[in-house]
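Descriptive analysis of the structure
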Amino acid sequence: MTLPSLSLVDSDPAELAVDAIVIGLHSQPDQGGALLPAAGAESIAAAFDGKLTSTLALLGATGAPGEVTKLATLGTISAPLIVAVGLGDEPSGSAPDRETLRRGTGAAVRALAGSPAVALALPLPDDEDAPTVLRAVLEGALLGSYRFAGYKTKPQKGRRDPVAALQISIADAGDEAATAELRRAEVVARSVRLARDWVNMPPNELRPANLADLVTAAATEVGLEVEVLDFEQLKAGGYGGIVAVGQGSEAPPRLVKLTYTPEGVAEPKRVALVGKGITFDTGGVSIKPAAGMWEMKSDMAGAAAVAAALLAIAQLKPGVAVSGYLAIAENMPSGSAYRPGDVITMFNGKRVEVFNTDAEGRMVLGDAMARACADGTDYLFEASTLTGGQVISLGKRISGLMGSDEATALVETAGATVGEPAWRMPLPDDVRKGMESEIADICQTNANLDRAGHMLQGGVFLREFVSEGVEWAHIDIAGPSYHTGEATGYWTKGGTGVPIRTLLQIVDDLA
Ligand code: BES
Ligand code: ZN
Ligand code: MN
């Protein structure tokens, strides 16, 4: 599926020859909730002779964030259809909250599936906020129009195609900063889309070698340096964690390294991104219950996000050196699978006593993180669908975040900016004590299999694989990387692309 095409227009939105036009709608709490058309919709409101908001109110509109109200225009303006999207209370500043705008635009564009050409007449301020507000609108529109192609053998009746062309109404269509945002949005959206596709693919179609091949092909196309270690090389290289998890499957594991080197920067900051790439997590010998196990096809969302971030970085060319490490394996029970009780020597030499083969993410990540540190890096950001505990404690929208002060602050700030919130959690000494092994350096989980605070056990374990002096953060995306409910905002069912835009924002912030 292709992205909608993007263009900027600065003619009167009331006269645009499109199939539908999107406007914003505020409520005014100090006016008894009366509706107010958002900035950008002035000429359209004027064409309705003062009856636009009363008509929308009649149709049930309240201006609540994300609410979508459709109105036939019956010749008042050129477009036959208006979609009014709620943007919440009238903003105090020049622009509404970015995430409200991002979600609202996503909801509107989703509601317009079936309309080939759509214009957005949304509040885009004309001040220093302009680029980031435009960015939010573009991200909402492009991410919201995503649809997984799927595997149906016959086209579905009544299924409406996503919007094909988007015109963005703006004060000056020749504005260079705005044009740059359009190009950036296309690069980001294309990368996010690939990651979502990979997450949504069924696990029989995406086994470790398939994922490594897809990433290699996409990375080569954008000029990234690619290194792929196969099973033999992983064994020879001392990647005990990846080998242990991968050895139970007929489809052997891979470690993929992607490298972006900026041009003309003397001593660039070095950033390593590490992603968990379990193409399917049965739990292994410590097998998971059948209900919901299928969802573990998304257990490679961290690796997909890291790959997507590098694909975008290769095209956006920031002045930071960025490497991506994808730890890819399939966690299966079999005669060759690793067992509870095994002691595994990891890439950095530490010995781990295995208690639960379902805690496989930290085994593959420990190796990949140690390798990233061995290659040399200033920062290490690792993303993984690591624990069900993340979902229990923070839910489906807020990622768990652990690590050192500077790196976690970077993730918090970037996540808040792009609408991918992450909440910092502690790495308590008590939790580390509970992971003391009788016979090895550390247990992989709590030695009594006590699940209390088990999201923290993941972070505490992974800390053992970060070298002294490296700023590091672990982002547990178990909930936020995969959306199971009905579509909402710019999220459709399935892979969400979290935390790709956070990683891109961090790299921008460091550049
Ligand atoms: N991939 C799972 C975590 C997960 C759960 C991701 C739900 C997405 C949604 C991970 O490998 C796992 O099985 N974790 C265990 C850890 C435990 C054995 C210490 C868990 O969360 O129960
Ligand atoms: Zn897993
Ligand atoms: Mn698991």
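Shown above is the structure to which this text applies.
To start, this report covers the structure provided alongside it.

Definitions and cut-offs
Residues numbered from 1 in each chain as written. Chains lettered and ligands numbered in written order. Predicted model: local features only at pLDDT ≥ 70, side-chain atom pairs only at ≥ 80, totals over all residues. Heavy atoms only, no water. Donors = N, O, S within 2.8 Å, 3.2 Å for Na, K, Ca; no water. Tetrahedral: all angles 85-135°; square planar, octahedral: opposite > 155°, others 65-115°. Helix = DSSP H or I, 4+ residues; strand = E, 2+ residues; numbered from the N terminus. Near = heavy atom within 4 Å. Polar contact = N/O pair within 3.5 Å; in protein donor to acceptor, adjacent residues only side chain to side chain. Areas by Shrake-Rupley, 256 points an atom, 1.4 Å probe, with all protein chains shown as cover. Buried < 20%, exposed > 50% of the residue type's maximum accessible area, 1.4 Å probe, protein only. Contact = heavy atoms within 4.5 Å. Patch = residues over 30% accessible without salt bridge, like charges linked within 9 Å, V, L, I, M, F, W, Y side chains within 5 Å. Salt bridge = Lys/Arg side-chain N within 4 Å of Asp/Glu carboxyl O. Lys, Arg positive; Asp, Glu negative; His and termini not counted. Charge placed at Lys NZ, Arg CZ, Asp CG, Glu CD.

Observations concerning the coordination of the manganese ion (ligand 3)
- Every protein donor of the manganese ion (ligand 3) is listed here as Asp-281 (OD), Asp-358 (O), Asp-358 (OD) and Glu-360 (OE), and their distances to the metal cover 2.0 to 2.2 Å.
- Seen from the manganese ion (ligand 3), its six donor atoms lie at angles of 69 to 166 degrees, and the figure they make is irregular.
- Donor residues for the manganese ion (ligand 3) sit on one chain with the sequence pattern D-x76-D-x1-E.
- Here the manganese ion (ligand 3) and the zinc ion (ligand 2) are spaced 3.1 Å apart, linked through Asp-281, which binds each one. Note that Asp-281 is positioned in strand E10 (residues 270–281) and Glu-360 in the loop between strand E13 (351–353) and helix H10 (361–375), a separation of 79 residues in sequence.

Regarding the coordination of the zinc ion (ligand 2)
- For the zinc ion (ligand 2), the full set of protein donor atoms is Lys-276 (NZ), Asp-281 (OD), Asp-299 (OD) and Glu-360 (OE), and the range of their distances to it is 2.0 to 2.4 Å.
- If you list the donors of the zinc ion (ligand 2) from N- to C-terminus, the spacing comes out as K-x4-D-x17-D-x60-E.

Describing the site of ligand 1
- If you check the shell around ligand 1, you find 18 residues, and the closest are Asp-281, Lys-288, Asp-299, Asp-358 and Gly-388.
- Lys-288 is positioned such that a nitrogen or oxygen atom in its side chain is 2.8 Å from an oxygen atom of ligand 1.
- Between ligand 1 and Asp-299 there is a distance of 2.8 Å, counted from a nitrogen atom to a side-chain nitrogen or oxygen.
- Taking 520 Å² as the accessible area of ligand 1 by itself, protein coverage stands at 88%.

Thoughts on the environment of Glu-67
- Position of Glu-67 among the secondary structure elements: in the loop between helix H2 (52–58) and strand E4 (68–72).
- We classify Glu-67 as buried; its relative accessible area is 18%.
- Separated by 21 residues in sequence, Glu-67 and Gly-88 place their C-alpha atoms 9.1 Å apart.
- Beyond its immediate sequence surroundings of up to four residues, Glu-67 is in contact with Gly-60, Ala-61, Thr-62, Ala-84, Val-85 and Gly-86.
- Engagement of the side chain of Glu-67 in a polar contact is seen with the side chain of Thr-62, the distance being 2.7 Å.

Observations regarding a negative patch on the surface
- A contiguous patch of negative charge on the surface is contributed by Asp-10, Asp-126, Asp-172, Asp-175 and Glu-176.
- Since its relative accessible area comes to 70%, Glu-176 is described here as exposed.

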